[in-house]
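Next come the chains, spelled out residue by residue.
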Amino acid sequence: MRISRRAAALGVLGLAVTAARAEPLGVRDAEVLHGRRDWTARLTTPVYINGKGPFAFVVDTGANRSVMAADLAAELNLPAGRPARVHGIVALQDAETVSAQSFTAGRLRLPIVDVPTLRREYLGCDGFLGLDAFRDRCVAFDFRHGQISILPGRFGGPDPREIGPTLTSDVIVLARERFGQLTITQASVLGQRISCFIDSGAQLSVGNMAMLRILKARTGDRSVTPAEVVLQGATGQQVRGEVAEVPRLGVSALRFNNFDMCFADLHTFSLWGMQDRPAMMMGMDMLSLFERVKIDFRQNTVSFEIAQAMAPQMVS
């Protein structure tokens, strides 16, 4: 069995629920971009480079740095920049970079200059917009309307510290900033605390082997019969992993029951210092279960909006 994970390229990344609304997400000063699902179900957004485009870039909250396809850089005749090293799913690897005068998404000029280039066959798209494009901003994924919104950090919503989990507002989770990514510490598997990172560039959610060991210990080895898989990252590196059923996962007030998940010793977990502590990356297979997901890098919060019909099943 082979699972291609074209997402964990560059070392990364309280609840309340709302009834579904008719209008798409958008607030004053927000740039609402019409996204599309690529073949791996990730949301892409149109990007212009030096005024040319549009090009389909995946918004990747699991990557510290934006990257682009090498053939696109050649097509645009972008000048070479300084060599760089990028974090793959196995190890660091050298990469060439190119320089661009401007990166724009809608009306927004993104603060991206030197961009590592990787092979399109591994990226699966024109490129990734990493965290260097969204510092101190809020990125909102509207899966119902197929939109991505880029908003100022803390875009006028209520302070999440004053909101408890209810069925009438977004589920808002406080997070900690770690290496530029937001880490949700209010997560658990079968009652054991774990760390959870949001990785919107990942096709699949992946847990580390420490999390799998907890799963086996809490359920008994005989009840967990993992299937072997091969995970492939955006640098082309591959690593063997396992797929096993997770009986119960909690993220603050959210709950996920009886779902299959990949487990592997990714370099990314070592980069975060999480190789021996249970941790997971929440990819698009889980994020797209929600109506909308907002990741606020200034306020250090992640909010999940659930359709009213699904709320009783997903919120405790």
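Residues numbered from 1 in each chain as written. Predicted model: local features only at pLDDT ≥ 70, side-chain atom pairs only at ≥ 80, totals over all residues. Heavy atoms only, no water.

J.: I'm lost on the confidence of the model for the protein chain in this one. Help?
T.: Reading predicted coordinates in detail is not appropriate for stretches of low pLDDT. The pLDDT averaged across the protein chain works out to 78; a share of 78% of its residues lies at or above 70. Confidence scores differ between elements of the protein chain, with helix α6 (residues 311-314) showing the lowest mean pLDDT of 54 and helix α1 (residues 70-75) the highest of 96. In this model residues 1-27 is a low-confidence stretch, pLDDT under 50, and it forms 163 contacts with partners more than four residues away in sequence or in other chains. (pLDDT = per-residue confidence, 0-100. Helix = DSSP H or I, 4+ residues; strand = E, 2+ residues; numbered from the N terminus. Contact = heavy atoms within 4.5 Å.)

J.: Would you mind going over the environment of Leu271 with me for this structure?
T.: By secondary structure assignment, the location of Leu271 is in helix α4 (residues 267-271). Sequence separation between Leu271 and His87 is 184 residues; the distance between their C-alpha atoms is 8.6 Å.

J.: Explain helix α3 (residues 209-219) here, please?
T.: One turn of the α-helix equals 3.6 residues, which is why residues spaced by three or four share an orientation. Residues Met209, Ala210, Met211, Leu212, Ile214 and Leu215 constitute the buried set of α3. On its buried face, α3 is in contact with β17 (181-189), β18 (192-198), β19 (206-207), β21 (238-251), β22 (254-263) and β23 (279-282). A positive backbone phi angle near 95° is found at Gly220, which sits one or two residues after α3. (Buried < 20%, exposed > 50% of the residue type's maximum accessible area, 1.4 Å probe, protein only.)

J.: Explanation requested: the nonpolar core in the structure shown.
T.: Here is a general trend for soluble globular proteins: nonpolar side chains tend to be buried in one another's company. Among the nonpolar cores identified, the biggest contains 76 residues, and Ile49, Met68, Phe103, Leu249, Met282 and Phe304 are the most heavily contacted of them. Not counting chain neighbours up to four residues away, the residues in contact with Ile49 comprise Phe55, Phe57, Met68, Leu72, Leu76, Leu78, Ala100, Ser102 and Phe103. Core analysis: the second largest hydrophobic core is formed by 16 residues, Leu204, Ala264, Trp272 and Met274 among them. (Core = buried A, V, L, I, M, F, W, Y, C linked by side-chain atoms within 4.5 Å.)

J.: Teacher, can you tell me more about unusual backbone geometry here?
T.: In most cases, non-glycine residues show a negative phi, while peptide bonds are predominantly trans. The linkage connecting Gly53 with the following residue, Pro54, adopts the cis geometry, with an omega of 5°. With respect to the element layout, Pro54 can be found in strand β4 (residues 52-59). Of note, Asn300 is a non-glycine position whose phi angle comes to about 60°, a positive value. With respect to the secondary-structure elements, Asn300 resides in the loop between β24 (292-296) and β25 (301-305).

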